[in-house]
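Observations on the model geometry
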Amino acid sequence: MSSSWRPATQLVHGGTTRSNHGETSEAIFLTQGFVYENSAAAEARFKGETDGFIYARYGSPTNDMFEKRMCLLEGAEDARATASGMAAVSAAILCQVKAGDHIVAARALFGSCRWVVETLAPKYGVECTLVDGRDIANWEAAVRPNTKVFFLESPTNPTLEVVDVAAVAALANSIGAKLVVDNVFATPLFQKPLELGAHVVVYSATKHIDGQGRCLGGVVLSSKEWIDENLHDYFRHTGPALSPFNAWTLLKGIETLPLRVRQQTANASAVADLLAGHSKVAKVIYPGRADHPQADIIAKQMSGGSTLVAFEMKGGKQAAFALQDALEIVKISNNLGDSKSLITHPATTTHKNLSDEARAELGISDGTVRLSAGIEDAEDLVADFARALDAVQA
Ligand SMILES: *Cc1c(COP(=O)(O)O)cnc(C)c1O
């Protein structure tokens, strides 16, 4: 039974449906529409009396394979594939709120996620409170009678703090709210939000799921009941559907997800160990190290470290820039989860729009640097960092 297969098997075989040609690799169905045998067949399809596709904005065969494979991996009953991670996040949140509702979100969010809850939702009469998500007491204190949605990322971008997902899920259940978890940084392999009690999981498939820098994509996963009641109509009528070509690219990408994430994590861990002992580095935050400030929560809810490392250079922006510019293998880019190692300086790129105070609250200083480890040889990466650190003037 495919539902009992372990992840590496599901990611190669799960959800596959073959056409009458029996192709080995999943087929790309680049079609907008579908034809019906006769008028009665069209009527029955529209009435929902027969299974089958109607229009590619609603669903299509390649996207369906991607959604089914993601459901098997995540342990979810149903999913919708979207054109980007932000399409997934905005759909997952906006489809379930109305004017007068209230959202509580952890303030350490990917920039566009923060804009959706902090700036967009209030325009439609949905209020939002941002909290330091590390302490459950802050979530409790922010709850109002009209709180409907909790939203968090764990580990967070870029400082790799974690939130106790089970504790926030229990609080959500106690007040009848739904918890949405953006699980990009943990990857579907290292953290299972639905098992921890979350109601909805979202991914930017652009990151580790494609993992080779090719296309944007996203996915929302939940129970069949939640999708039917909240996302189904929203998704059909607002049109965030993923392109079938990109669904195919993502399907091929996730076949190798466990291989890539394993190598990326080993590489991240090796670089974190080098950085942790280095005189030019003030601080390293890596979820796989025993010195992570929340190692106890990590042990409870994650089955692996991380493909990302956050660290702080002594000497601030100048030292951070000097390090980045001296690296040869590691490329300067704000993306993450790629097979190529990528490094970014959040204060001047991904988090430049935040106020100085908001950045300080998130623990982002001028010396903070975020590495997304690729799948290169670990010794080459460690050597690249050792050489680049030597080049930084103390
Ligand atoms: C990249 C990212 C997103 C947005 O995904 P896109 O595919 O770029 O739209 C959302 N959340 C997190 C945590 C991300 O890293």
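This structure is a prediction, so every number in the text was calculated from the model and none was measured.

**Details of the overall build of the protein chain**
A count of helical and extended segments in the protein chain gives 15 helices and twelve strands. For the protein chain, whose C-alpha radius of gyration is 22 Å, the value lies close to the compact-globule estimate of 21 Å for 394 residues. With the C-alpha coordinates of the protein chain rotated into their principal frame, the extents come out at 75 × 55 × 35 Å. Every one of the 394 residues in the protein chain was classed for burial, and the buried ones make up 54%. Across the protein chain, the fraction of contacts at a sequence separation of at least 24, relative to all contacts at a separation of at least 6, is 74%. The averaged location of the 45 negative side-chain charges in the protein chain is 2 Å from the averaged location of its 36 positive side-chain charges.

**Quick notes on the site of the ligand**
If you check the shell around the ligand, you find 14 residues, and the closest are Gly 85, Asp 182, Ser 204, Thr 206 and Lys 207. Met 86 places a polar main-chain atom, nitrogen or oxygen, 2.8 Å from an oxygen atom of the ligand. When the ligand sits alone it has 380 Å² of accessible area, and the protein chains cover 91% of it. For the shell around the ligand, the residue count by class is six nonpolar, five polar and three charged.

**Re the pattern of salt bridges**
Taken as a whole and judged by the stated rule, the model has 20 salt bridges. Residue Arg 80 is joined to Asp 78 by a salt bridge in which the shortest nitrogen-to-oxygen separation is 3.4 Å. The residues Arg 80 and Asp 78 share a single accessibility class, namely buried. Arg 289 serves as the salt-bridge partner of Asp 291, at 2.9 Å between the closest nitrogen and oxygen. Look at Asp 291 and you get partly exposed, because its relative accessible area is 43%.

Each value, and the rule that gives it
- Residues numbered from 1 in each chain as written.
- Predicted model: local features only at pLDDT ≥ 70, side-chain atom pairs only at ≥ 80, totals over all residues.
- Heavy atoms only, no water.
- Helix = DSSP H or I, 4+ residues; strand = E, 2+ residues; numbered from the N terminus.
- Rg over C-alpha atoms; globule rule 2.2 N^0.38 Å.
- Buried < 20%, exposed > 50% of the residue type's maximum accessible area, 1.4 Å probe, protein only.
- Contact = heavy atoms within 4.5 Å.
- Lys, Arg positive; Asp, Glu negative; His and termini not counted.
- Charge placed at Lys NZ, Arg CZ, Asp CG, Glu CD.
- Near = heavy atom within 4 Å.
- Polar contact = N/O pair within 3.5 Å; in protein donor to acceptor, adjacent residues only side chain to side chain.
- Areas by Shrake-Rupley, 256 points an atom, 1.4 Å probe, with all protein chains shown as cover.
- Nonpolar A, V, L, I, M, F, W, Y, C, P; charged D, E, K, R; others polar.
- Salt bridge = Lys/Arg side-chain N within 4 Å of Asp/Glu carboxyl O.

The quantities given are spatial measurements derived from coordinates; they are silent on function.
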